[in-house]
Amino acid sequence: MFTWWVVWPLIGPGGWATGFDTVTYSGPNLALTLDAVRHGRIPQWNPYIYGGVSHLGNIQAASLYPPKWVFAWTDVHRAWSWLIALHVIWLGAGMFWLVRRRLGLRPPAGLLATLAVVGSGMVLVRMLFFEQIQVLAWAPWLLGAIDATVAAPVGRRGRPVAGVAVVTAALAIAGHPQITYILLPLAVVWAAARAVDHGGPRAWRRLLPVAGGGLLGVLLAAPQLLPTLELATRSANTDGRDAATVGNPDGLLAWASGHCQGERQVVAPPFSTSKTPEVTLDFVGSLENASVVISRLHRGEKRLVFCDSRARVEELAVGLRSRSEEHTSELQSLAYLVCRLLLEKK
């Protein structure tokens, strides 16, 4: 009942979960996945960001996660609200099963464990990020499957090992990998402790079926993990390629050409300048003062001004207009809402 009370604002009449990341990133990824499933396609490519990126290789998009496909026939807002609600319920059920059935603790241990986890700040905050709660919901089921495998006698470990494999695969393809990274050390320590409790001096032998189940789970998740690995090797962050920016025209041309083998050429006429670039750092105190400095000191010149939000870019543009300065502004969305304002005075 407590879990239903927690999730009811998400699935009740007129309610759904929302947040900045949900609206700007996770939600569009989910919409792309659902649209592909509706048309009978595997969601492989996202043409809407960075000129096109691998959607299948983006592990946070979780495009192969089966519970998402169930909601392919509803709108994206209702889909993510139900995904959050069902995974919170799954998390609570898993905690109750782990404490009462696997650990065998007496009532009200199961109830208290469920209340403590579902009502925790970690869960309530991550409810707004369904790609995280989707992974977190499998945590108690992983611990329970490990315990069942360690405790099972020889010859009766097939089902527990299969459980470890299925839960491991779900963790790998459900969404945000950071939660998986956090859970892995916990799972290792838990497996070792439960093996000691059940196995005595040769407890390590009980860990072999657990390792086998985990390896099988990785193999089951290979359709998601292999595209992710391939995409990671091509990332500039892993030195797989140079950053394709205007400062690296060869890299930009290679990125734009993709797999095209035709003739290509960078058109960059040589240039020379007698001026040494001047870089200064001034503290002007406010955006109003910044507009005064720009309008009075840099007439007839181009200036590239960075602001930490779009709102401040627009505020600066308003300040320049109020001083009767003719200018053009170009706003571009960069990482973490860094916006660019290009001023060209006449």
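Residues numbered from 1 in each chain as written. Predicted model: local features only at pLDDT ≥ 70, side-chain atom pairs only at ≥ 80, totals over all residues. Heavy atoms only, no water.

(A) Expanded view of unusual backbone geometry. The omega torsion across Pro107 and Pro108 is 5°, close enough to zero to call that bond cis. Along the chain, Pro108 falls in the loop between helix H4 (76-102) and helix H5 (109-118). The backbone of Ala62 sits at a positive phi, close to 50°, despite the residue not being glycine. Tracing the backbone shows Ala62 in the loop between strand E2 (53-54) and helix H3 (66-70). (Helix = DSSP H or I, 4+ residues; strand = E, 2+ residues; numbered from the N terminus.)

(B) Here's a closer look at the side chain of Ser120. Residue placement: Ser120 occurs in the loop between H5 and helix H6 (121-126). A residue is classified by how much of its surface remains accessible, and Ser120, at 19% relative accessible area, is buried. (Buried < 20%, exposed > 50% of the residue type's maximum accessible area, 1.4 Å probe, protein only.)

(C) Looking closely at the nonpolar core. Grouped together as the largest cluster of nonpolar side chains are 54 residues, with contacts concentrated most on Leu30, Ile84 and Ile146. Counting residues per element, the ones that place at least two in this core are helix H1 (2-11), helix H2 (20-38), H4, helix H7 (130-136), helix H8 (139-151), helix H9 (158-173) and helix H10 (177-199). Per-element tally for this core: the top contributor is H4, with 9 residues. Once residues lying within four places of it in the same chain are set aside, the contact partners of Leu30 are Lys68, Val76, Ala79, Trp80, Leu83 and Phe130. Counting residues in hydrophobic clusters, the runner-up holds 7 residues, among them Ala290, Ile294, Val305 and Leu316. (Core = buried A, V, L, I, M, F, W, Y, C linked by side-chain atoms within 4.5 Å. Contact = heavy atoms within 4.5 Å.)

(D) Quick peek at the pattern of salt bridges. Under the definition given, this model contains 4 salt bridges. Arg41 is the salt-bridge partner of Asp35, the closest N and O atoms lying 3.9 Å from each other. Between Arg194 and Asp147 there is a salt bridge; the shortest N-O distance is 2.6 Å. Separated by 47 residues along the polypeptide, Arg194 in helix H10 and Asp147 in helix H8 bring together distant segments of the chain. Here Arg194 matches Asp147 in class, with each residue buried. Through salt bridges with shared partners, a single network forms among Arg102, Asp147, Arg194 and Asp197. (Salt bridge = Lys/Arg side-chain N within 4 Å of Asp/Glu carboxyl O.)

(E) Expanded view of the confidence of the model for the protein chain. Mean pLDDT for the protein chain: 82, with 83% of residues reaching 70 or above. For the stretch residues 328-346, pLDDT sits under 50, and the model shows 59 contacts to residues farther than four places along the chain or on other chains. (pLDDT = per-residue confidence, 0-100.)

(F) Representation of the side chain of Thr168 within the structure. Within the fold, Thr168 resides in helix H9. According to the relative accessible area criterion, Thr168 is buried, its value standing at 17%. Once residues lying within four places of it in the same chain are set aside, the contact partners of Thr168 are Leu142, Gly214, Gly217 and Val218.

(G) How the structure looks around the packing of H8 against H10. Where H8 meets H10, the axes come as close as 9 Å, and the angle between the chain directions of the two elements is 30°. Accordingly, the angle class assigned to the pair H8 and H10 is roughly parallel. Between H8 and H10 the crossing geometry is right-handed. The segment H8 lies against H10, with Ala139, Leu142, Leu143, Ile146, Asp147, Val150 and Ala151 engaging Leu183, Leu186, Ala187, Trp190, Ala191, Arg194, Ala195 and His198. (Axes fitted to C-alpha atoms, helices over the stretch in contact; angles between N-to-C directions. Parallel < 35°, antiparallel > 145°, perpendicular 65-115°, else oblique. Left-handed = near helix turned anticlockwise from the far one by under 90°.)

(H) Spatial organisation of the packing of aromatic side chains. A full pass over the atoms with the stated rule returns 5 aromatic pairs. When the centroid spacing of 6.5 Å and the interplanar angle of 10° are considered together, the rings of Trp80 and Phe130 count as stacked. Note that Trp80 is positioned in helix H4 and Phe130 in helix H7, a separation of 50 residues in sequence. Relative to Trp141, the ring of Trp97 lies with its centre 5.1 Å away and its plane at 20°, an arrangement referred to as stacked. Linking Trp97 in helix H4 with Trp141 in helix H8, this pair joins segments that are 44 residues apart in sequence. Trp141 sits in the buried class, given a relative accessible area of 17%. (Phe/Tyr/Trp six-rings, centres within 6.5 Å; stacked < 30°, edge-to-face > 60°.)

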